Amino acid sequence: MKNVKESIRLDKYLANAKVGTRSEVKKYIKEGRVAVNGRVVYEPEFHVSQNDEITIDGEHVNSHRNVYIMLFKPAGFVSTTSEYEPSVLNLIDHPYIDELHIAGRLDKDVEGLLILTNDGDFTHRLISPRKHVEKEYYIYTKHPYKLTEEVKNEFQKGLEVDGEKFLPAKIEQVDEKTISITIIEGKYHQIKKMCKKTGIEWERILRVRIGRLTLGELKKGEWRELSKEEIDKIFER
């Protein structure tokens, strides 16, 4: 067995792994349902390490881990915990839900790709303008909008709205009533401010991409965990 400093109590290990509450996992242990390296252990205070094989009812238990979830956020949900308004967290049924935070919020009336995680370092990389992770939005306009070279140049130089300076961004015409805006920062109401500055009357705003990660086949209100490959893909240039 590893040195106690490098180890953790069995009941805490199981609780951290979201097998159950601390009192529930103590009960499982005392019932003889938990084994360490093939040997049944009855003591909740027994210490285990990351190198030990832990099973409950014969099933392997993964240790506490970082979780990354992508969600297709519908309009009408806030990107915070709230007792008074529907929250995106209400859409997710996951053992780690109490640990999750949102890596780059969306306004209540904005839809699209949202990432939730319990990994603070990942979130910092994702939202920091220095990391140059692109966030692409589709702007569906109320009326046909003709994108001009002048507006494109404004975006490329870095748009300024009411004294607030934004980093260089990209704007493209998708069709006569759809505009694509790609930014590498996420200031308060940034997309809406950019639209107002350039005369774009929006009807719907949808975030379609973060880095190289897209909504794919995810439907509105649906979520799923991301694989390591998908997480790495976000930061690919």
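As the structure is a prediction and not an experimental result, all values here were calculated from the model. The residue count restarts for each chain, going from 1 along the sequence in the order it is written. It should be noted that, the model being predicted, local features are given only for residues of pLDDT at least 70 and side-chain atom pairs only at 80 or more, the latter also being counted only at that level, while totals for whole chains, interfaces and linings use all residues. In computing side-chain values, all of the structure's heavy atoms are included and hydrogens and water are not.

Observations concerning the pattern of salt bridges
This is how the line gets drawn: Salt bridge, as applied in this entry: a Lys or Arg side-chain nitrogen positioned within 4 Å of an Asp or Glu carboxyl oxygen. Helix and strand definitions follow DSSP, with helices as H or I runs of at least four residues and strands as E runs of at least two, each counted in order from the N terminus. Think of it in three bands: residues with accessible area under 20% of the maximum for their type are buried, residues over 50% are exposed, and the middle band is partly exposed, with areas taken using a 1.4 Å probe on protein chains only.
Per the counting criterion, the structure on display carries 20 salt bridges. Note that K27 and E31 form a salt bridge whose closest N and O atoms lie 2.8 Å from each other. One salt bridge connects K108 with E85, and the closest N-O pair in it is separated by 2.7 Å. Here the residue K108 occupies a position in the loop between β8 (101-102) and β9 (111-117), and E85 occupies one in the loop between β7 (68-73) and β8, the gap between them amounting to 23 residues. Its relative accessible area of 37% is what places K108 among the partly exposed residues. Shared partners join several salt bridges into a network, and the residues in it are K27, E31, R33 and D57.

Structural notes on the packing of aromatic side chains
Think of a pair of aromatic rings as described by two things: how far the centres are apart, and how the planes are tilted against each other in angle. Rules: Stacked, tilted and edge-to-face are the three classes applied to pairs of Phe, Tyr and Trp rings, where Trp contributes its six-membered ring and a pair requires centres within 6.5 Å; stacked means planes under 30 degrees apart, edge-to-face means over 60, and tilted covers the rest. Whether a charge sits over a ring depends on NZ of Lys or CZ of Arg being within 6 Å of the ring centre and within 35 degrees of the ring normal.
Applying the stated criterion across every chain yields a total of 3 aromatic pairs. Relative to F235, the ring of F122 lies with its centre 5.7 Å away and its plane at 85 degrees, an arrangement referred to as edge-to-face. Linking F122 in helix α3 (residues 120-127) with F235 in the segment after α6 (228-234), this pair joins segments that are 113 residues apart in sequence. Between Y138 and Y140 the ring centres are 6.3 Å apart and the planes differ by 75 degrees, which places this aromatic pair in the edge-to-face class. Here the aromatic cluster, defined as three or more aromatic residues joined through ring pairs, consists of Y68, F122 and F235. Lying over the aromatic face of Y96, K18 brings its terminal NZ or CZ to 5.3 Å of the ring centre. Across from the ring centre of F235, 3.7 Å away, lies the NZ or CZ of R125, which sits over that ring.

Description of the sheet that holds strand β6 (residues 59-60)
Applicable threshold: Two strands are said to pair when DSSP picks up at least two bridges between them.
Spatially, 4 strands are ordered β3-β2-β5-β6 in an open sheet, and the strand pairing comes out antiparallel. Strand pairing shows two members of the sheet lacking a second neighbour, β3 (39-40) and β6, which therefore form its edges. The pairing of strand β5 (residues 54-56) with β6 spans 2 bridges and is antiparallel. Within the sheet, the bridge partner assigned to I56 lies in β6 and is E59.

Brief notes about the environment of I179
The condition that has to hold: Working rule for contacts: check all heavy atoms of both residues, and any pair within 4.5 Å makes them a contact.
Here I179 lies in strand β14 (residues 178-183). Taking the C-alpha atoms as reference, I179 lies 9.5 Å from W202; in sequence the two are 23 residues apart. When sequence neighbours within four positions are dropped, the list of residues in contact with I179 reads Y137, Y138, I139, T141, Y145, I171, E172, Q173, V174 and I200.

Structural notes on the confidence of the model for the protein
To keep things clear, this is the line we draw: The predictor's confidence in any single residue is recorded as pLDDT, a number from 0 to 100.
For the protein, the mean per-residue pLDDT works out to 93, and 98% of the residues sit at or above 70. Predicted confidence is poor over residues 1-5, with pLDDT under 50, and the contacts of this stretch with residues over four places away or in other chains come to 6 contacts.

Overview of the pairing of strand β13 (residues 170-175)
Relative to β14, β13 runs antiparallel, the two being bridged by 5 bridges. Each residue of the ladder has a partner; that of Q173, found in β14, is I179. The hairpin formed by β13 and β14 contains 2 residues between the paired strands.

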